[in-house]
Amino acid sequence: MRDGMTLWRERISSYWNEAIRYLRLIGNSGFLFTVYFLILIGSFYYSQALEELPEAFPSLWVFTVIFAIILTRGRIRTFVKQADVVFLLPYESMLDRYFRASQIYSYILQSFVMLVIFIVLAPLFALRISNESGSFWFVLLMLLIAKAWNVASIWQEQRFASGQERGSHFLLRLIVNGVFTYLLFSGADFIYLIAVVGIMALLYVFYYQKLAVKLSIKWEHLISVEQKMLMFFYRIANAFTDVPQLKEQVRSRSYLNGMLGFLSANKKSVYHYLFARTFIRANDYLGVYVRLIVVASFLLAILPNGWMEIAVFLLFMHMVMMQLSTLWFHYDTNMWVDLYPIEKGDRKEALTTISFRLLLIMTAVLTGVLLVSSTYLITAIGLAIGILFSYLGSTTWIHKRKKQAW
């Protein structure tokens, strides 16, 4: 049996080597520019919203609820695999350093997410909360202390066999965190905060630590948690490139069979049919497509009339085109498709057809939103640009995008 830390370093190195390849593809896709642009838009309207925020706005309760949930939620990333049930189970007592490294790693990642959210809310904090609660750095330090207690407690909760037991302990920590965040953001005396931190420490020492003596690690649960977290990352990456690990996720969705004729166009073409079927049934192509349209529609509905609506319109059209480009690679590892007597340009024509029709549907939906929420001029410009983008995107740009996969 290798040293636990050696195994840990091998596992985390293997994961990040794979993750970096996907992250590089996401970065090269132009998605980061899209995020940056949306942040600029959000920052502008965020500052305007703060200026118009009514005095009665419950800022204290907003911070209390948000950070109580952030502190309570969280999973321990262990990088365990299905085979570990057989090969590592006999050495469980020798894996203390391995699982301690997992807790530290998870704490750092979850603390980073919490820091980002706190920075996003910093203007509201400075405007409504800081006068009572104290400085940004003091509040952040207290939140980090509470997060450390939660991560350590979550790890011990993984020893419970039933989800009901883990759920009841989640509720217990949510109550403790709710009291803690309310006292923190309301500016309560420091002695009260220390008292709650003391209760956290006592709970961990006299209750949670004893679980390690009474209960063993539930390997099947750890593997299940790890697989869910891994699949979450793969689903994000799958919006930008084909992810082989998701190939087997197929849903029937027979109620959408009526769309096949519209999407496939040429019923005699193998790839027209395969791409249409794949979009409706496989992975999360349809889900990402629908979600992007919904988010774009929401933004167009709330944005003030002007060029910003056209910019958002184009950004989301581009994001959908990127997602559709991954259809090209879906059957790359399927040898049976290579046996079909397919003409050379059939695959390219099929991708062009389905992407053009799906982009036109998106254009129609977003134009309908603009027709209700914006001016006739902006609506007409959006319609014209949407049709032009649908044509150029499906015939030219999407075929340049597909060349970026490794």
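The structure under discussion appears in the preceding block.
Residues numbered from 1 in each chain as written. Predicted model: local features only at pLDDT ≥ 70, side-chain atom pairs only at ≥ 80, totals over all residues. Heavy atoms only, no water.

A. Looking closely at helix H10 (residues 219-237). The end-to-end C-alpha distance of H10, which contains 19 residues, comes to 27 Å, matching closely the 27 Å that a straight helix rising 1.5 Å per residue would cover. The set of residues buried in H10 consists of Trp219, His221, Leu222, Ile223, Val225, Glu226, Leu230, Met231, Phe233, Tyr234 and Ala237. Turning to H10, the residues buried within the fold contact helix H1 (4-28), helix H4 (84-87), helix H5 (96-120), helix H7 (136-157) and helix H8 (163-186). (Helix = DSSP H or I, 4+ residues; strand = E, 2+ residues; numbered from the N terminus. Expected span 1.5 Å × (residues − 1). Buried < 20%, exposed > 50% of the residue type's maximum accessible area, 1.4 Å probe, protein only. Contact = heavy atoms within 4.5 Å.)

B. Summary view of the layout of surface pockets. Counted as a void, the largest pocket has a volume near 1500 Å³. Residue lining of the largest pocket: 38 residues in total, with Arg75, Gln110, Val113, Met229 and Phe232 positioned closest to the centre. When residues of the lining of the largest pocket are traced back to their parent elements, those giving at least two are H1, helix H3 (59-72), H5, H7, H8 and H10. Looking at side-chain class alone, the lining of the largest pocket contains 22 nonpolar, 7 polar and 9 charged residues. (1 Å grid on protein atoms, 1.4 Å probe; cavity = no way out; pocket = protein on both sides within 12 Å on 5 of 7 lines; lining within 4 Å. Points joined across faces, edges and corners; volume = space filled by probe spheres on them. Nonpolar A, V, L, I, M, F, W, Y, C, P; charged D, E, K, R; others polar.)

C. Geometry of the packing of aromatic side chains. Within this structure, the stated rule accounts for 26 aromatic pairs. With a centroid separation of 6.1 Å and 70° between ring planes, the pair formed by Tyr22 and Tyr234 is classed as edge-to-face. Of the two residues, Tyr22 sits in helix H1 while Tyr234 sits in helix H10, which places them 212 residues apart along the sequence. Take Tyr22: its relative accessible area is 2%, and that puts it in the buried class. Here the aromatic cluster, defined as three or more aromatic residues joined through ring pairs, consists of Trp8, Tyr15, Trp16, Tyr22, Phe79, Tyr98, Phe99, Tyr105, Trp155, Trp219, Phe233 and Tyr234. (Phe/Tyr/Trp six-rings, centres within 6.5 Å; stacked < 30°, edge-to-face > 60°.)

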